[in-house]
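Here is how the chains run, residue by residue.
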Amino acid sequence: MKKILTYKNLTLALVLSLVTGCAISFKKPHWDLPPKADNEVSVMSFNVENLFDTVHDEDRNDYTFLPLMVKQKTPAYQKACRDTNDSAYRVSECMSTDWNELQLDTKLKNLTSVVLDVDGQGPDVLMLIEVENENVLNIWNKNYLQKAQYQTVVLIEGPDKRGIDVGLMSRLPLVGKPTLHPIPWKPANENDKKWMEQSRGVLEVTLKAPNGDPITFLVAHFPSQANPSYWRKQAAEFVAQLIKDKGPNAMVIAGGDLNITHEEESKEHYFRDILGQAGAVSHFVGCKECPGTHNYRKSWSFLDAHVYSKGLLGEGSGSYQMEPNTIDVIRYNDVHLKKGKYPKRWDYDRMDGVADHFPLYVRLKQRSPAKTPVLQEEAPKAETKPTPKAKKKK
């Protein structure tokens, strides 16, 4: 009987520790990493959830994210709301959402608060997901993120007709020309082929580290859970191959919103068996007290993840080393917290909140002088978009 009671007590203790583990991780009053050292580079990925400007791009279905006054005065926009949405709810959302300058200004201020809380002036490299265009990144960078001193701003428009793209901002200088890699989809049928061809590509940006060596970033936004699982498998295989193609000594961080839930991972093992073969997966090697970056119906998942190439690992040969103890889910700013622990997404009526994902953070520490130093940087080849006050095509 005593043994049975002992087993029951141990089981109860284990269950309680698992249940309270997530709560414990949110009890930290503030971000508690030590100040970033001069020989460290910080990196953060952030799904900023529908960061649009307030004007229409001709080739994008961005009608939801326009000022209500403009939509009410423009029958063509009202028709587009009806024609480009597949449910009564989405049509109503498109017709009634008032995405105006005040909305954009308030959301950018809240996003800025979260970003600048990190390291006191934002991370050195900010990988961004769900951004409409370079114009809105330039607005954010120029008017709100001056303290971050981001000199590199990159976004290449992809095939997603909703205008949801990936981008990057950094204090580090750009090396070479950024590339948006289309994923070589293998559809199972014609309907999948149609939608796969409109899915987001993988943005490749190489930056010059402070010691002179190149570090490559692969920013990705995999197809959502509304799509078949094999889509995410193909995206994972492609990203893993991009990392491997750089060679065993290259310093590469791939990441973003990979949309792999913990339920899908437990069944399909895309992190473990595909991405994990190309490098170390962030939540496998660090952030042990973090419950996840996204919460759906009170269930946590690491939808947002990083993969660190083998050159960045402890046994790797890169001049920088990823520090596992610095991997963290950034969830300490009240503007981004709902009930003290869930991501507080943007509320259009109340005009508060930030996004439905928490950012994911890591540091790289220099361990040697440059091994393959960059001889010359190149300026971005992309055309600079208009400033907020400039007129834009409609």
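Basis of the calculations
Note that residues are indexed from 1 along each chain, following the sequence as it is written. Where totals are concerned, whole chains, interfaces and linings use all residues; where local detail is concerned, this predicted model gives features only for residues with pLDDT of at least 70, and gives and counts side-chain atom pairs only at 80 or more. Hydrogens and waters are ignored; side-chain quantities use all the structure's heavy atoms. Any pair of cysteine sulfurs within 2.5 Å is marked as a disulfide. The helix count covers DSSP runs of H or I at least four residues long, the strand count covers runs of E at least two residues long, and both are numbered beginning at the N terminus. Exposure categories follow from relative accessible area, calculated using a 1.4 Å probe and restricted to protein chains: below 20% of the type maximum is buried, above 50% is exposed, and the middle band is partly exposed. The axes are straight lines fitted to the C-alpha atoms, using for helices just the contacting stretch, and the angles between their N-to-C directions are given from 0 to 180°. The handedness criterion is simple: a crossing whose near helix is rotated anticlockwise from the far helix by less than a right angle is left-handed, and one whose near helix is rotated clockwise is right-handed. Contacts: residue pairs with any heavy atoms within 4.5 Å of one another. Charged means Asp, Glu, Lys or Arg here, nonpolar means Ala, Val, Leu, Ile, Met, Phe, Trp, Tyr, Cys or Pro, and polar covers whatever is left, Gly included. Put simply, a salt bridge is a Lys or Arg side-chain nitrogen that is within 4 Å of an Asp or Glu carboxyl oxygen. Expected helix span is computed as 1.5 Å times (number of residues minus one). Throughout this description, a polar contact denotes any pair of N or O atoms lying within 3.5 Å of each other; where both atoms belong to protein, one of them has to be capable of donating a hydrogen while the other can accept it, and for residues adjacent in sequence the pair is counted only when both atoms sit in side chains. Two strands pair if DSSP finds at least two bridges between them.

Draft legend 1. Broad picture of the state of the cysteines. Scanning the model with the defined rule gives two disulfides in all. Linked covalently through their sulfurs, Cys81 and Cys94 form a disulfide whose S-S length is 2.0 Å. Across the S-S bond linking Cys81 and Cys94, the dihedral sits near -65 degrees, which makes this disulfide left-handed. Highlighted residues: Cys81 in helix H3 (residues 75–83) and Cys94 in helix H4 (residues 88–96), separated in sequence by 13 residues. The exposure class assigned to Cys81 is buried, which follows from its relative accessible area of 0%. Judged by its relative accessible area of 1%, Cys94 falls in the buried class. Across a sulfur-sulfur distance of 1.7 Å, Cys287 and Cys290 are joined as a disulfide pair. When the S-S torsion is -80 degrees, as for the bridge of Cys287 with Cys290, the disulfide is left-handed. When its relative accessible area of 11% is taken as the criterion, Cys290 is described as buried.

Draft legend 2. Structural detail: the packing of helix H5 (residues 101–117) against helix H6 (residues 134–143). Axis separation between H5 and H6 bottoms out at 10 Å; the angle between their running directions is 65 degrees. Where H5 crosses over H6, the two elements pack in a sense that is right-handed. The residues of H6 that touch H5, namely those facing Leu104, Leu108, Leu111, Thr112 and Val115, are Val136, Ile139 and Trp140. Across the contact of H5 with H6, the residue classes tally to seven nonpolar, one polar and no charged.

Draft legend 3. Geometry of the pattern of salt bridges. Within the structure shown, the criterion is met by 19 salt bridges. Between Asp105 and Lys109 there is a salt bridge, with the nearest N and O atoms lying 3.2 Å from each other. Here the residue Asp105 and the residue Lys109 both occupy positions in helix H5, the gap between them amounting to four residues, near one helical turn. Judged by relative accessible area, which is 48%, Lys109 ranks as partly exposed. Salt-bridge contacts for Arg162 lead to Asp160; the nearest nitrogen and oxygen are separated by 3.0 Å. The class for Arg162 is partly exposed, based on a relative accessible area of 44%. Asp160 sits in the buried class, given a relative accessible area of 4%. Each of Lys36, Asp124 and Arg171 takes part in a single network of salt bridges with overlapping partners.

Draft legend 4. Representation of H5 within the structure. For H5, spanning 17 residues, the distance from its first C-alpha to its last is 24 Å, which sits close to the expected 24 Å at 1.5 Å a residue. By the burial criterion, the buried members of H5 are Gln103, Leu104, Thr106, Lys107, Leu108, Asn110, Leu111, Thr112, Val114, Val115 and Leu116. Two or three places before Leu102, at the opening of H5, Asn100 has a side-chain oxygen 3.0 Å from that residue's backbone nitrogen. Positioned one or two residues after H5, Asp119 has a phi angle of 60 degrees, which is positive.

Draft legend 5. Quick peek at the environment of Gln198. Along the polypeptide, Gln198 turns up in the loop between helix H7 (190–196) and strand S6 (202–208). For the pair formed by Gln198 and Lys161, sequence separation is 37 residues and the distance between their alpha carbons is 6.9 Å. When sequence neighbours within four positions are dropped, the list of residues in contact with Gln198 reads Pro159, Asp160 and Lys161.

Draft legend 6. Geometry of the environment of Gln78. Checked against the element boundaries, Gln78 lands in helix H3. Judged by its relative accessible area of 23%, Gln78 is partly exposed. With 15 residues separating them in the primary sequence, Gln78 and Tyr63 have C-alpha atoms 8.3 Å apart. Non-local contacts of Gln78, meaning those with residues more than four positions away in its chain, are made with Lys71, Gln72, Lys73 and Met95. A polar contact is formed between the side chain of Gln78 and the backbone oxygen of Lys71, at a distance of 3.0 Å.

Draft legend 7. Broad picture of H6. H6 sits mainly inside the fold: eight of its 10 residues count as buried. Taken together, the buried positions of H6 are Glu134, Asn135, Val136, Leu137, Asn138, Ile139, Trp140 and Asn141. Where H6 is buried, its residues touch strand S1 (40–51), H5, strand S2 (125–131), strand S3 (152–155) and strand S4 (165–170). The backbone nitrogen of Asn135 has a side-chain oxygen 3.2 Å away, supplied by the residue at the start of H6, namely Asn133.

Draft legend 8. Examining the pairing of S1 more closely. In terms of burial, S1 is largely enclosed, as 12 of its 12 residues are buried. Note that S1 and strand S17 (residues 360–366) share six bridges and pair antiparallel. By the bridge assignment, Val43 is partnered in S17 with Val362. Relative to S2, S1 is paired through six bridges, and the arrangement is parallel. Looking across to S2, one finds that Leu51 is bridged to Val131.

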